[in-house]
Amino acid sequence: MRTAIEYVTNIDREGRAVVKCSNFQYCNDLKAEIEKYTSRHGSKPLKVLVVHAHIVAYQIFAMKLLSWLQAFLGHGEGFRAIFSEVVLKPHQSDPCIIKGILLRDSQLWKSARTHWHRLIISGMLLEYENKRAFAKVFMKNYGSVVKDFIKDDHEHTFSVSSLSVQVFTVPTLAHHLIAHDDALFILLNTFLSECSRKCNKAGKLEFERNQSSHTFKRAQYMLYDLRYLLSAVPTTWTDDLRRSFLQGLTIMLDLLKKMQGMDAVARQIGAHMEYEPEWETAFNLHIKLAYCISLILQWCGTDKVVLVKAYRATLLKLIESPCYDVNEAGEVRELADHCVTCLPYDVSTKPVSIHLPLSRFLAGLHLHLEKYGLEFDGPGFLINKPTLVQIIEPVLRTQVMIAQVHAGMWRRNGYALLNQLYFYHNVKCRTEMLDRDIIMMQVGASLIESNEFLIHLLNKFNLLNWANPFYETNAPKDTEEDTVRQTITLVEEFLQLLIVIVGERHIPGISEVTPQDRIKKEIVQHLCIKPLLHSELNKIIPDDLVHETGLDEIIHDLATFKKPSQGTGQGVYELKEELYDEYNIFFYHYTREELSKSEEAQITRRKNAGLLQCCPPPKLPKLKESFNMIVDILQCDVMLHVMRTILERCVDLKAKSFSEVQLHKVLHLIGYALQEEQSNNYAFLRFSEKSLKVKIPTLIEELINSPRVEAHKDLIKWTLNLYKQVLSTSEESQPCTSNLTVKDLVAKGDSEKERRAKLAAQRREKIMAQMAAMQNSFIKENAKLFQETNSELSERSESEKDDFMDTSENVDECPIALGPRQTSRSNNEQKHICILCQEEQKVTLEGQPLVLAAFVHQATVLCQHRNCEDFMDIASQDPLYLNSNLGPAPHTSTCGHVMHSACWQKYFDNVVLKENRRPYRLRHPASFDVEKQEFLCPLCECLSNTVMPLVPSLGAIQPKEKEPHISFADWLCCVQIVLEKKMRICHGIFKCTETCSDLHCSACENAGTTEPDNPECSPTCSLQMHQVLYSRPMEHITAELGVHSGAFQRLFSTTTLQLNCSLSEMLLLYSQATYTRGLNVSPHTTDRRVAPMAWKSCSYTIHAIEVLLRDNNKPLLGNLSSRQRDCIETLVRTMGVLGIALPHTNTIGSHGMRLLSLMIENSHDGPSILQWDSLGFLIPMTFSLPSLFNRDKTSSLPTGGQLELYTLQLVFICHIVKILITMTDFEIADFMETDSTDDNFIGEVLKTMNRRREGTNCQAVWNYVQDACLPFLRCCVLFYHYLTDVPAPPALLEVGGDTFSNMCIYLGMSSNPKHLFGHTAVMKLVYNWSRHPEVLSYLDGKPMLIGVEPLPINKLVELPTDYSELINTVSSFTCPNSDHDDSRNPTMCLVCGEILCSQSYCCQTELNKTIVGACNYHAHKCGAGNGIFLRVRDCEILFLASPQRGCFLSPPYLDDYGETDQGLKRGNPLRLCPALYKKLQTMWLSHGINEEIARSIESAAISNLVPTQWQHL
């Protein structure tokens, strides 16, 4: 497998790989074998060649020679001149070397190609003359080069054709190649030859879904070359340039002719379309060609001669490919006393195409005519050409088809048509589609008589019958509702088209605007929807427009950049207030959703500003003279007839064809007309006068009080006010009558509103008076009851006041959690509602268990030495306690949602059943794996893999018994006696040897008796590594304990508890989760390590929560999240009763005995105090010591009494000693005596440890110790607060209240070192700990990895502020397995800072019998399977969890606009955002990577995104 990966890696990098070196026969047989196996599934076999070894040697030498020559040419221009002369010099066999390389490029392998390309670039493309000479040869052989590339199977970057960008992007060189080398003709002719293969019998391009389009996709790379070639528009023309350009333009027109009308679709009637037609290829072709078309139009617009000839040629091409039957007679249509002959074509029954590039090209050329004084019917165009009606016909058909689709008439045509219409309006395509179609319609509107033009539109929309005044009365009563609805929608779409034709003028050539004005209009319209990000503004502008103008400057002129109010994040642009008047609700680039959102936003804005709640039409720019007649549409007879018809049907409450949208759009058109007349830009415009004749103002006046148009009343008022302004300035009108009408109308509307408001107020007053009277009546009838209630309330308030005074008197008494002075505990009953069955239940031991969904995983977030394999190896760690490295250890988290255990079991079984039924091909990647017992929380879908049972307060389960007084020193002496009398029993007596497959078998679990058949081990037992320690029964050591035996015995409770079976099962289920994931083993219920691994998880989880609180500077107990609180509370209580559920009763006491032995005896053969974490030692001791003398009884619970206090004090003393040991000599020297003469007891401790230096300031040392103890004490407070349920003092609920003294008081310990160390037994322990060989070696200066105190907060690696610095950092990184080649995806581990070669065959490694990528393997070593990485070249964060799961996140780098640039697509300078990186740090510290990945995978599954092969990363 490894060999195969190496072959694939070499082929991927070099383009070939030597598989075998042997004799010819063997190699030939191997070749046949490879070809046979690689073509088994019908695929093309791998290309295998058998060549002589000498040839391979020559090839390798030639490549080294090319590399040397490339470096040599960099020494001077003279060398490059000689090189150019040599390679361009003709030879007998080949014209020149360059031509030979160009024509044979496809025969070379990838590495050889790359060497030649680099040599050409360094030798010929640095000086202009050399580059021009190369360009000429390249252009002459362009066709052959591209044909070879199309047949090739390598990427474009490894083809010599990719050098075109080096040649065609030089403006002078591009113009020279077009003028003298026919570059445009050659390029387009080559592409046209490829297109000809895709044409049908009618000569139109046609693409089929089943045919391979691979070669055609590769051919489209020529369109990029065309874009490069035309990118520099000439300012001066020569005859040669004109001639060659027009010659190339002829080929372009042939291409557009083949595209004109392609992929035509006909409306499906009756049955739904069976097969979706292939439409993607045509749109992909358009997207690549559109920018080239725009460039050609710009070229044509810079020279009159070129423009005239291009315009004539385009007209002739339209004649050659008519969209109508030239022999078919026209249809006469009449409306409003106007008669027109129309082209017969029913869009609803005949094919229509959305691809009309030839018509749109003519529209683009027409915009430049006025600039040179040209006209459509001018002398320059007196040729055989189509009429204007014939020219606009295909575009009009497309508009009608779109209208019919919106009316629901094409619903049976499936998604293919809807997708085409989406891209037709999309920003990628609309410049050369939608926008050109509207320009063509505007050309028709300006050149065709207005009434005739509108009749053509109505005829094509099939609305002439609707426009009949008697349509409502003559319509059959049984007309289908669907038909009426379709007609209404078609009318709305017809009016929308008129609004667009009249109002969309922000295009150079149509009106007096610039390209900047066009972009401004686009930005204004979209900012009227909502404030937008900078990247969102970039996306709404087509690429061809962005290249022409400076977008940022335009945005700053229009909008104000608003940064987020809190922290750092994405800033948005808000439109300046004075520009809202330019808002056009019917903007033609709006989708329906955007139109609705913008209208809502603007009406809300106007309402808040106290303006009319409507969206009036904006003022329009002045049209160019050649387009002036567009305005005439607004006042022609047919338009006035349509307006009057719609207004009359609005007034008529019985009209079926009415809709509010029709009224809105008619008022919009009337507003356009009145504003245009008011502008006095068009002398012929007399709309107000003509509209009065058809009574349009009167009809609008009637609508002011109509209930059916309530939503548009303010727009009606605005229209009438505008009428008043226009009529008052018109000399030909009758202002008095009109003004009176308008004033009366407005007054009438205002009075009506006031009348309604007055009636409503009177009605409210009447109702309130009735309610007051009823209240007074009720009070009088129930006066006695009210009097009794008031007296009870007063008594209750007085009693509450007294209670408050009583509690306030005890405020000064701080609560104590441990010891004989323990504060009374709060044992409130908890009730929870099951999220599955919604039943409420109390938390008890007897009832049905309640559980929390939990997630347990191996974690290394807190590890201090993750680069040390010995520390990170779980096999070398003692499972009994958490080591000083703080991991790897199982971490537990929960979402806090409660379920009945039976409900959860049923839910989980259903999940497993569902997953097993799912087809195998759909199983991965899933957000959870049922084979690992994973599931999603039924409520919040948080990733979980086990449950934690809810247990009542431990104080309620086992009430605290009255304890005798025994001092800490006496207790310590008693413990030492117990240790001296301990029993040692090992596997040897059960014949369980070193080869036993289960070293933790149940044999030793039954060894806790002193029967004659079970003798103890002798001190010289050879099997001590398997010894199990037990305490002797209390009655056997009473004499040795002496006078303290009674008090010592009463510290250990004799109360026994029993748990119901269901609760025990849930406890064991959780303990198995920590056991299996913590040790990476299979489940084993009787293993001795089950309980210790659960304790270890509890220790690690508390550490993690404390570190997170400290990192976020939150109070210790005052700001825990519900998840954190539920997790610690449930975890601590679960650990308390876990021993009761275990199958062996003597296991817990055995663990306690071993812990005491490790700490107090501290054998030199065992671990020193430097090897264990203090909290990781304290928690197992707390839960195991109460069961120290339990033989056949169940485990006892910790109650927070003296036993727990002295256990804490012992570990606390050990922790202080550990801090003193780890203090460096320099730190001790810093604490030298100054003026203080205080003889602090800590000095005696230092002296015992042989660390006292003369002049040491002991008080300063103690202050240092206090600060270093804070993290440990914080963890202790968290642990014992939820163990004992003693309320926390107010100081611990505030930031900064967790001082050394406050926490010691709450824990019941003394904060004075004399009280802690002032006992001989304690000082002996200190001496013993400090004399451990490992401690002595450390103090002697031997290098050693130990846990640092105080526990530091792990941080992600420090990243540079500027992202370019990070790119420069990894630019020098090379793949460690590929001869120092550049890595494609250098990826940085944010935990340790190591840079990896990701997503590459070369660095794949086998892990658990699976081939994984470098990041997965590193995550296994560094993070126990979890990893957080930064993919530098893609600028994205990668989360990994096990080889099969992962997700990508936005990086913590932002540009100046507060946005990320995932993928580095926008290219703006990026700077590190500390807030985002802090958020990432918090997510990592909170162990939230697994949950984030699961949610991301769920989102990807909903979005149907292509799954990522995470194991390869």
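Please refer to the structure higher up on the page.
Since we're looking at a predicted model, the values are computed, not measured. (Residues numbered from 1 in each chain as written. Predicted model: local features only at pLDDT ≥ 70, side-chain atom pairs only at ≥ 80, totals over all residues. Heavy atoms only, no water.)

(A) Inspection of the overall build of the protein at higher detail. Scanning the protein from N- to C-terminus turns up 58 helices and 22 strands. Taken across its 1513 residues, the protein has 53% of its residues classed as buried. Across the protein, every contact between residues at least 6 apart in sequence was considered, and the portion connecting residues at least 24 apart equals 76%. (Helix = DSSP H or I, 4+ residues; strand = E, 2+ residues; numbered from the N terminus. Buried < 20%, exposed > 50% of the residue type's maximum accessible area, 1.4 Å probe, protein only. Contact = heavy atoms within 4.5 Å.)

(B) Molecular detail of the sheet that holds strand β11 (residues 946-949). The strand order across the open sheet built from 3 strands is β8-β7-β11, with neighbouring strands paired in antiparallel fashion. Pairing within the sheet leaves two strands with one partner each, and these edge strands are β8 (889-900) and β11. Adjacent strand axes in the sheet meet at a mean angle of 35° when their direction is disregarded. The pairing of strand β7 (residues 850-859) with β11 spans 4 bridges and is classified as antiparallel. Looking across to β11, one finds that V851 is bridged to P949. Contacts between helix α42 (residues 1061-1079) and the sheet are confined to β7, β8 and β11, with β11 contributing the most and set at about 130° to the helix. (Pairing = 2+ DSSP bridges. Axes fitted to C-alpha atoms, helices over the stretch in contact; angles between N-to-C directions.)

(C) Representation of the pattern of salt bridges. Per the stated rule, a full pass over the model turns up 45 salt bridges. In this structure, K317 and E320 form a salt bridge, with 3.7 Å as the shortest nitrogen-oxygen distance. Residue K317 and its partner E320 are both found in helix α16 (residues 304-320); the two are separated by 3 residues, about one turn of the helix. Take K317: its relative accessible area is 12%, and that puts it in the buried class. Residues K385 and D377 are paired through a salt bridge, measuring 3.5 Å at the closest nitrogen-oxygen approach. Overall, the relative accessible area of 56% leaves D377 in the exposed class. (Salt bridge = Lys/Arg side-chain N within 4 Å of Asp/Glu carboxyl O.)

(D) Looking closely at helix α32 (residues 696-703). Burial within α32 is extensive, with 6 of its 8 residues counted as buried. Taken together, the buried positions of α32 are I696, P697, L699, I700, E701 and L703.

(E) Focus on the nonpolar core. Formed by 223 residues in total, the largest nonpolar core has its most connected members in F134, F245, L249, F453, F494, I523 and I670. Ranked by residues supplied to this core, first place goes to helix α15 (residues 280-300) with 12 residues. Residue contacts for I523: discarding those within four places in its chain leaves L537, I540, I541, L551, I554, I555 and L558. Counting 133 residues, the second-largest nonpolar core is a separate cluster that includes L1109, W1172, I1219 and I1346. (Core = buried A, V, L, I, M, F, W, Y, C linked by side-chain atoms within 4.5 Å.)

(F) Highlighting the side chain of Q420. Along the chain, Q420 turns up in helix α19 (residues 414-425). If we skip the residues at most four places from it in the chain, Q420 touches W279, F283, I354 and H355.

(G) Geometry of the pairing of β8. Counting buried residues in β8 gives 10 out of 12 residues, a clear majority hidden from the surface. Strand direction decides the pairing type here: β7 and β8, joined by 9 bridges, are antiparallel. Residue A854 lies in a different strand from β8, and its bridge partner there is T894.

(H) Broad picture of a nonpolar patch on the surface. Nonpolar side chains collect at one region of the surface, where F79, I82, V86 and I97 lie side by side and expose about 330 Å² of accessible area between them. The greatest single-element share of the nonpolar patch, amounting to 3 residues, is contributed by helix α4 (residues 77-88). With respect to the helices and strands, F79 occurs in helix α4. (Patch = residues over 30% accessible without salt bridge, like charges linked within 9 Å, V, L, I, M, F, W, Y side chains within 5 Å. Areas by Shrake-Rupley, 256 points an atom, 1.4 Å probe, with all protein chains shown as cover.)

The quantities given are spatial measurements derived from coordinates; they are silent on function.
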